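Given next are the chains, with one letter for each unit.
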Amino acid sequence: PLPSADDDLQYTHTLSMGHRIQLLSYNHDEETIEVKQYFSRLAMSDQAKHPYQYSLWCPVQRKYVKVRQEFKKYGDEYLWNKVDNTIVCGDGDMRLFEGSRYRRIMFRILPDEDITDDPKKEGDYVKKFQRLLDYIGKQLLDISPDQMDIKIITSADAEKEASKRRMCFDNRHFRVPLKKGSADRNQWMEMLIDSTFDTRASYKIMLNWLVASAVQVGAQVKLLQRRCAQYGLRLISFPQDSVTGGVQLH
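A brief report on the enclosed structure follows.

### Focus: unusual backbone geometry
The general pattern is negative phi for most residues beyond glycine and trans for most peptide bonds.
Next, step 1: For Arg62, which is not glycine, the phi dihedral falls at a positive 55°.
Next, step 2: Within the secondary structure, Arg62 is located in the loop between β4 (49–58) and β5 (63–72).
Next, step 3: One non-glycine residue, Asp149, lies in the positive phi region at around 60°.
Next, step 4: Relative to the helices and strands, Asp149 is located in the loop between α3 (119–139) and β7 (151–153).

### So, the environment of Ile193
Next, step 1: Inspection of the secondary structure puts Ile193 in strand β9 (residues 188–194).
Next, step 2: With relative accessibility at 0%, the residue Ile193 sits in the buried group.
Next, step 3: It is 5.6 Å that separates the C-alpha atoms of Ile193 and Lys204, two residues lying eleven residues apart in sequence.

### A few points about the pairing of strand β11 (residues 203–211)
Next, step 1: With eight of nine residues buried, β11 is to be regarded as a mostly interior element.
Next, step 2: Pairing of strand β6 (residues 103–110) with β11, which is carried by seven bridges, proceeds in the antiparallel orientation. Of the residues in β11, the one forming a bridge with Arg103 is Trp209.
Next, step 3: One ladder, built from six bridges, connects β9 with β11; its direction is antiparallel. Counted as the bridge partner of Met191 is Leu207 from β11.

### Examining the side chain of Lys204
Next, step 1: With respect to the element layout, Lys204 can be found in strand β11.
Next, step 2: One buried charge, Lys204, has no salt-bridge partner; the nearest side chain with opposite charge is Asp194, at 4.0 Å.
Next, step 3: Only 3.5 Å separates the side chain of Lys204 from the side chain of Asn171, close enough to count as a polar contact.
Next, step 4: Leave out the neighbours within four places in its chain, and Lys204 touches Met106, Phe107, Arg108, Asn171, Leu192, Ile193 and Asp194.

### Observations regarding helix α5 (residues 214–231)
Given 3.6 residues per turn, any residue in an α-helix points the same way as the ones three and four places further on.
Next, step 1: Between its first and last C-alpha, α5 extends 26 Å over 18 residues, near the 26 Å set by a 1.5 Å rise per residue.
Next, step 2: Within α5, burial applies to Gln216, Val217, Gln220, Val221, Leu224, Cys228 and Tyr231. Buried residues in α5, looked at end-on, bunch into an arc of 140°, giving them a common side. Among the exposed residues of α5, those pointing more than 90 degrees away from its buried face are Ala214, Val215, Lys222, Arg226, Ala229 and Gln230.

### Overview of α3
Next, step 1: Between its first and last C-alpha atoms α3 spans 31 Å; for 21 residues at 1.5 Å apiece the expected length is 30 Å, and the two agree.
Next, step 2: Check the buried side of α3 and you find it contacts β6, β7, β9, β10 (196–198), β11 and α5.
Next, step 3: The backbone nitrogen of Lys120 lies 3.0 Å from a side-chain oxygen of the residue at the head of α3, namely Asp118.

The rules behind each value
Residues numbered from 1 in each chain as written. Predicted model: local features only at pLDDT ≥ 70, side-chain atom pairs only at ≥ 80, totals over all residues. Heavy atoms only, no water. Helix = DSSP H or I, 4+ residues; strand = E, 2+ residues; numbered from the N terminus. Buried < 20%, exposed > 50% of the residue type's maximum accessible area, 1.4 Å probe, protein only. Pairing = 2+ DSSP bridges. Lys, Arg positive; Asp, Glu negative; His and termini not counted. Salt bridge = Lys/Arg side-chain N within 4 Å of Asp/Glu carboxyl O. Polar contact = N/O pair within 3.5 Å; in protein donor to acceptor, adjacent residues only side chain to side chain. Contact = heavy atoms within 4.5 Å. Expected span 1.5 Å × (residues − 1). Arc of directions from axis to C-beta.

Listed below in structure tokens is the structure:
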């Protein structure tokens, strides 16, 4: 409870997890809240890390290979403040970062077989993809389809773009609002797509969400699958692998 005018002007509450202490102070006169954090030096030092080496059988090499795993006494700090600013306050670029533990689904558009051997089929394939981009652009927030900046590469551009493709593997992040049926809630998801569409390769589409219900996301997935089927594009669900610096088993 907050102090009244007759109480002390400073009210402090302490939260402790052993290796981390938080002091929450409320100033009644200035009506401000101040948060201070103190971390244990031991928790932040190398003494809290325990490397472990062992041999693991590799069926491909048909021999034991050396593997190293680092265990931590305390896990990495969860950035609650950054997550709150992203999903509630709307600060920053509104991107979900890896540490926010968001849910995700990944799809890929597969090109037709031998499509590069027929210029007409390849041209039709590009037109189908452009129709999909127009549909995706209409679902985005504060951006038009022509501002998505997706580069299209055909087999005719293969030679001059080959070296650039090997050096550039970036993505485009877009925010998709989920307003239907949820006028009283701020629901949205992030769409991550490849910045380059190559007719000779698959094309990645990822849906990431943290403040959206499964019903809303499922409806968007069905709409995406329906549009791809309508345009004649092969949309395939792919398993999503997350890359992390350590498993952090305890």
